[in-house]
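# Architecture at a glance
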Number of protein chains: 2
Amino acid sequence: MKPKKNVVDRVAQICSALRRAIIERALSPGDKLPEDQLGLSFGVSRTIARQALGQLAAEGLVNLRRNRIAVVATPTVEEARDTFEIRIALEAVVANCLALTITPEQIAELRRHIADQGAADPASQSASIRLATDFHVLLAGMTGRPILERYVTEVAYRSGLALSAYGRPHSNDCAIEEHCQIVDALEEGDVAAAAAAMTSHLSAVVDRAMIRPPQRTERDLSAILAPFIAG
Amino acid sequence: MKPKKNVVDRVAQICSALRRAIIERALSPGDKLPEDQLGLSFGVSRTIARQALGQLAAEGLVNLRRNRIAVVATPTVEEARDTFEIRIALEAVVANCLALTITPEQIAELRRHIADQGAADPASQSASIRLATDFHVLLAGMTGRPILERYVTEVAYRSGLALSAYGRPHSNDCAIEEHCQIVDALEEGDVAAAAAAMTSHLSAVVDRAMIRPPQRTERDLSAILAPFIAG
DNA sequence: GATCGCAAAAGTGCATACAATTAGCAGCGC
DNA sequence: GCGCTGCTAATTGTATGCACTTTTGCGATC
């Protein structure tokens, strides 16, 4: 293969890596993200790191203040609730859409995903959080609507960050059970049931969370980031 | 006043200017946006212009392809419909929220805005389109939820771009009438009626549009942009 | 007259350089 | 001990330079 394509934009790569690091709680709200350290970790110049930070700031995952080091955003409680209400509205659209169009192959893929989720090491917070989020992203992707998928994904990541700030340690079991109910409703093509299952699932996630007070420690950024840098 | 603050981030300034230029149809889908020409127009270097383009691309207003000149996005018909469905879902949330919380002062402000809209020169497409969009942004802002406001704004601009590609020349009168109905429902605190008025208004916008085939001409970018550069 | 090839021009992709701002810290007075 | 002051290191904000890619213009060729 030619040395031509830079994979697909290094900015996007860095954004994905940081998003995953945030959603998996390797990075916590308030963690600092200095441009040159980021650049060093990902093997790019500050120019690129800076663009990535700009994107993430637009997505609400990072806070940017002039002449200040970028930090992982710390959503307020109001923002967290707001995010989830928006998420519920958007994912209801997904459920409505999919209940009418979903194929048996897609159902199978979803069940496979849920099985993976069940098989994940329950001790590994990061894996179960990521899989739970991926389930929703997968659903959104199945609608075949790129814009809907984009917004659902964005808001799902933002929710993950909010949970990271306020949620109690993620509990995987209930998520799996509720994800199953959603797939069941989709399989039957029951629009109302699918939307209801989705809504009550997300509401339950909110109810289960919104408890723990935030914590604060200093850590080594490059060590945190190492596993997220694509080979 | 001190010579310190750069207003508030020049990237954001350029983004706003371009968003307005797009929504007012001074820029049409497919129009080229070369970095150095942009930089020249706004008095910044390519670095800054480039960052702005990155943001706008993330918002779906601009298309970016590697080594190619950035262009104003040309939404497909599917994307346009998708955008509007998302918009309807989000603005229904706005309507629900406001029907319960809106104050008499806010009602007055909305009626004032609608009056301005009625007073706008009907020949001026750009003014009436901008005012119509601003009405929705204003509503979203009144919820006091910054995240909801952000998504509604983004999707409203995207809708505007879609209409620019496919809509027939914007008709102001019906919009004003429908905006009035929304405010009426909000004033009565009737949640269901407000959401219904909002939904049917947006559906009507879609129905009225989605007709005209896109056109294509070459124009002078810096002349187009001149009125959008903040003093 | 149309087509192909190729070199110049235009444009992007990225790193680096430098100015400006902030953060950290030592020293000082109280 | 505590807070203020000024210095230095760290970090961001922006422009510029260079390599590379795409587009364009133009002449040769058929």
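Only a predicted model underlies this, so the values are computations on that prediction, with no experimental measurement involved. (Residues numbered from 1 in each chain as written. Chains lettered and ligands numbered in written order. Predicted model: local features only at pLDDT ≥ 70, side-chain atom pairs only at ≥ 80, totals over all residues. Heavy atoms only, no water.)

So, on to the protein's contact with DNA strand C. Contacts to DNA strand C come from 18 residues, most closely from Ser45(A), Thr47(A), Arg68(A), Arg46(B) and Arg50(B). Here Arg10(A) contributes a side-chain N or O atom positioned 3.3 Å from a sugar or linking oxygen of DNA strand C. Glu35(B) is positioned with one of its backbone polar atoms (N or O) 3.2 Å from a phosphate oxygen of DNA strand C. With 3 residues, the top contributor of residues to the surface near DNA strand C is helix H3 (residues 46-58) of chain A. (Near = heavy atom within 4 Å. Polar contact = N/O pair within 3.5 Å; in protein donor to acceptor, adjacent residues only side chain to side chain. Helix = DSSP H or I, 4+ residues; strand = E, 2+ residues; numbered from the N terminus.)

A few words on the packing of helix H4 (residues 77-101) of chain A against helix H6 (residues 125-142) of chain A. Residue and element names in this part refer to chain A. As a packed pair, H4 and H6 sit with axes 9 Å apart at the nearest point and diverge in direction by 50°. On the basis of the axis angle, H4 is oblique to H6. Handedness of the H4/H6 crossing: left-handed. Along the contact surface, H4 presents Arg87, Glu91, Val94 and Leu98, while H6 presents His136, Leu139, Ala140 and Met142. Of the residues contributing to the contact of H4 with H6, the split by class is 5 nonpolar, 1 polar and 2 charged. (Axes fitted to C-alpha atoms, helices over the stretch in contact; angles between N-to-C directions. Parallel < 35°, antiparallel > 145°, perpendicular 65-115°, else oblique. Left-handed = near helix turned anticlockwise from the far one by under 90°. Contact = heavy atoms within 4.5 Å. Nonpolar A, V, L, I, M, F, W, Y, C, P; charged D, E, K, R; others polar.)

Quick look at the relation of the copies chain B and chain A now. What relates the pair of chain copies is a rotation about an axis plus a shift along that axis. Each copy of the sequence occupies a distinct position, and chain B is placed on chain A by a rotation of 180° and an axial shift of 0.1 Å, giving an RMSD of 0.1 Å. Such a combination of turn and shift is consistent with a two-fold rotation axis. In this assembly the copies share their binding face: 100% of the residues contributing to the interface of chain B also contribute to that of chain A. (Least-squares fit on C-alpha atoms with pLDDT ≥ 70 in both.)

Turning to the protein's contact with DNA strand D, a few remarks are in order. DNA strand D sits among 18 residues. The nearest are Arg46(A), Arg50(A), Ser45(B), Thr47(B) and Arg68(B). What you see for DNA strand D is that sugar and phosphate hold 71% of its atoms within 4 Å of the protein. A distance of 3.2 Å is found between a phosphate oxygen of DNA strand D and a backbone nitrogen or oxygen belonging to Glu35(A). If you list the elements that add at least two residues to the surface near DNA strand D, you get helix H2 (35-42) and H3 of chain A together with helix H3 (46-58) of chain B. Element by element, the count of residues in the surface near DNA strand D is highest for H3(B), at 3 residues. Along the lines of polarity and charge, the residues of the surface near DNA strand D split into 4 nonpolar, 5 polar and 9 charged.

All right, on to the pattern of salt bridges then. Residue and element names in this part refer to chain B. With the rule as written, the count across this model stands at 22 salt bridges over all chains. As a salt-bridge pair, glutamate 24 and arginine 130 come within 2.6 Å of each other at their nearest N and O atoms. On the criterion of sequence distance, the pair formed by glutamate 24 in the loop between helix H1 (10-23) and strand S1 (32-33) and arginine 130 in helix H6 (residues 125-142) is long-range, its members being 106 residues apart. The salt bridge involving arginine 87 is made with glutamate 91; its shortest N-O contact spans 2.8 Å. Taken together, the positions of arginine 87 and glutamate 91, both in helix H4 (residues 77-101) and 4 residues apart, correspond to about one turn of that helix. This pair shows no difference in class: arginine 87 is buried, exactly as glutamate 91 is. (Salt bridge = Lys/Arg side-chain N within 4 Å of Asp/Glu carboxyl O. Buried < 20%, exposed > 50% of the residue type's maximum accessible area, 1.4 Å probe, protein only.)

Right, let's get into the interface of chain B and chain A. Contacts between the two partners involve 27 residues from chain B and, on the opposite side, 27 residues from chain A. Taken together, both faces of the contact between chain B and chain A bury some 2600 Å²; the carbon and sulfur share is 51%. Our count for the contact surface shared by chain B and chain A stands at 4 salt bridges. The tally of links between chain B and chain A comes to 12 residue pairs in polar contact (both at pLDDT 80 or more). Looking at side-chain class alone, the side of chain B that touches chain A contains 11 nonpolar, 6 polar and 10 charged residues. (Buried area = accessible area lost by both parts, 1.4 Å probe.)

Another aspect to go through is the domain arrangement of chain A. Residue and element names in this part refer to chain A. If you check the domain split of chain A, you get domain 1 (10-73 + 214-228) and domain 2 (77-208). Taken together, the contacts link 14 residues of domain 1 with 16 residues of domain 2. Between domain 1 and domain 2, the buried area comes to about 1400 Å², and carbon and sulfur atoms account for 65% of it. Counting every contact that joins domain 1 to domain 2 gives 1 salt bridge. Ranked by residues supplied to the side of domain 1 that touches domain 2, first place goes to helix H1 (residues 10-23) with 4 residues. When the residues that make up the side of domain 1 that touches domain 2 are grouped by side-chain class, the tally is 8 nonpolar, 1 polar and 5 charged. (Domains from an automatic or database assignment.)

Here we take up the sheet that holds strand S3 (residues 70-72) of chain A. Residue and element names in this part refer to chain A. Across the sheet, 3 strands lie side by side as S1-S3-S2; this open sheet has antiparallel pairing. Two strands bound the open sheet, and with one partner strand each, they are strand S1 (32-33) and strand S2 (62-63). Of the strand pairs in this sheet, S1 and S3 are connected by 2 bridges, and their pairing is antiparallel. Across the sheet, the residue bridging to lysine 32 is valine 71, located in S3. (Pairing = 2+ DSSP bridges.)

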